[in-house]
Amino acid sequence: MSTAHTKHTAHTGPAAVGAFNVIHLESAEAIAAGAEQAGLPAIMQISENCVRYHGRLAPIARATQAIAGSANVPIAVHLDHATDTELVDEAIELGFDSVMYDGAHLDFDANCATTAEVVRRAHACGIGVEAELGEIGGKDGAHAPGVRTDPDEARRFVERTGIDALAVAVGSSHAMVERTSRLDLALIELLADALAIPLVLHGSSGVADAEIARAVEAGMAKINISTHLNKVFTASVRASLDARPELVDSRRYLGPARDAFAAEVARLLTVLSGD
């Protein structure tokens, strides 16, 4: 199984691995620095939206892989929320540690068939596959709030696809800027009991630390966080420019923002470590 979906077990309590989205080089460097500060493994994720922003996958992927490879703690590089199978194939060719194919927009049978084919190609190259079942809210209104993943359907999906990790809908929502989500902890326990693979919580930026800890205790193994860290980064940039409006050298405000991002990654990894 890919290191992207391996639980960290060096601590006494239940633990999950933190997965943080790369938007630019500063965020990749901050994730690596934060993981090193915490002395814990992490995952760097490149989303389909990130690829769209940069125009191509390969340049940002290779830079992210180089940063991850130079870190002194294990860091995996993962393709996040790809609905385009050609993009998944490119990530496989580039040697990503794992990929996520998101077929949640398809009906169940089509999702199973397409995901199983992605699994076949990825596993042939030793790469793990994450998929999604049940709609996770917030993606431009495409996912209705209140939708949940059914444990019996999830079991059938895993059996038919052979995936290595499953993103489930248990009450979180993408792109939230306030940490107010309440998770269905009983459902997480049912899903963890029903499945023999790691469960993934998307939309974790909207979930408070204590609720995330309870989700890990209930069975979540991979916690995706992006918007929360973007808020930290942007707040630092805004503070720097407000304090020194004469700044023109971007390193003078991106550097402190990168440091703030790294410190929050380290803090979040500690929350997830089970200590």
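Each remark here, short or long, concerns the structure printed above.
Scoring rules and cut-offs
- Along each chain, the written sequence defines residue order, and numbers are assigned to residues from 1.
- Predicted model: local features are reported for residues with pLDDT of at least 70 only, side-chain atom pairs are reported and counted for 80 or more only, and whole-chain, interface and lining totals are derived from all residues.
- Each side-chain value is worked out from all heavy atoms of the structure, with water and hydrogens disregarded.
- Simply put, an axis is a line fit to the C-alpha atoms, just over the touching stretch for a helix, and the angle between two N-to-C directions goes from 0 to 180 degrees.
- Secondary structure is summarised from DSSP: a helix means a run of H or I of at least four residues, a strand means a run of E of at least two, and numbering begins at the N terminus for each.
- In this scheme the handedness of a crossing depends on how the near helix is turned from the far one: anticlockwise by less than a right angle means left-handed, clockwise means right-handed.
- Any two residues having at least one pair of non-hydrogen atoms within 4.5 Å are treated as being in contact.
- All residues other than Ala, Val, Leu, Ile, Met, Phe, Trp, Tyr, Cys, Pro, Asp, Glu, Lys and Arg, Gly among them, are scored as polar; the first ten of these are nonpolar and the last four charged.
- Strands qualify as paired when DSSP identifies two bridges or more between them.
- With a 1.4 Å probe rolled over the protein chains alone, any residue whose accessible area is under 20% of its type maximum counts as buried; one over 50% counts as exposed, and the rest are partly exposed.
- By definition, the arc is the one covered by directions from the helix axis to the C-beta atoms.
- Residues belong to one nonpolar core when they are buried, are Ala, Val, Leu, Ile, Met, Phe, Trp, Tyr or Cys, and are joined through side-chain atoms within 4.5 Å.
- Here the term right-handed applies to a crossover when the path leading from its first strand over the helix to its second strand runs clockwise, the strands being oriented away from the viewer.

Which residues make up the packing of helix α9 (residues 227-243) against helix α10 (residues 251-272), and what values go with them?
Close contact between α9 and α10 brings their axes to 8 Å; oriented N to C, the two are set at 150 degrees. For the element pair α9 and α10, the recorded crossing hand is right-handed. On α10, the residues touching His228, Leu229, Asn230, Val232, Phe233, Ser236, Val237, Ser240 and Leu241 of α9 are Tyr253, Leu254, Pro256, Ala257, Arg258, Ala260, Phe261, Glu264, Val265 and Leu268. Looking at the contact of α9 with α10, its residues break down into 13 nonpolar, four polar and two charged.

With reference to specific residues and values, describe the sheet that holds strand β8 (residues 220-225).
Here we have eight strands rolled up into a closed barrel, ordered β1-β2-β3-β4-β5-β6-β7-β8, and parallel in their pairing. Averaged over all pairs of adjacent strands, the angle between their axes in this sheet comes to 25 degrees, without regard to strand direction. Along the sheet, helix α3 (residues 58-70) contacts β2 (42-47) and β3 (75-82); its crossing angle with β2, the most-contacted strand, is approximately 175 degrees. The sheet contacts of helix α5 (residues 108-123) involve β4 (98-101) and β5 (128-133), and relative to β5 the element is tilted by about 170 degrees.

Account for helix α8 (residues 209-218), with residues named and values stated.
Residues of α8 that are buried: Glu211, Ile212, Ala215, Val216 and Ala218. Buried residues along α8 cover an arc of 160 degrees about the axis, so they all sit on one side. Buried positions along α8 lie against α7 (185-194), β8 and α10. Following α8 by one or two positions, Gly219 has its phi on the positive side, about 140 degrees.

Can you tell me about the environment of Leu272, naming the residues and giving the values?
Structurally, the position occupied by Leu272 is in helix α10. Exposure remark for Leu272: the relative accessible area of 2% places this residue in the buried category. Between the C-alpha atom of Leu272 and that of Val17, which follows or precedes it by 255 residues, the distance is 6.7 Å. Every residue in contact with Leu272, bar those within four places of it in the chain, is listed here: Pro14, Ala15, Ala16, Val17, Gly18, Ile212, Val216 and Ile223.

Could you give an account of the nonpolar core, naming the residues involved and the relevant values?
Counting 79 residues, the largest nonpolar core has Phe96 and Leu166 as its most contacted members. The dominant element in this core, judged by the number of residues it contributes, is α10, at eight residues. Once you skip the residues sitting within four places of it in the chain, Phe96 turns out to touch Ile46, Leu57, Ala61, Gln65, Val77, His78, Leu79, Ala91 and Ile127.

Residues and numbers for the pairing of β3, please.
Counting buried positions along β3 gives eight out of eight residues, so the element sits mostly inside the fold. Sheet topology places β2 next to β3; six bridges connect them, and they run parallel. Counterpart to Ile43 in the pairing with β3 is Ala76. Taken together, β3, helix α4 (residues 85-93) and β4 constitute a β-α-β crossover, and its handedness is right-handed.

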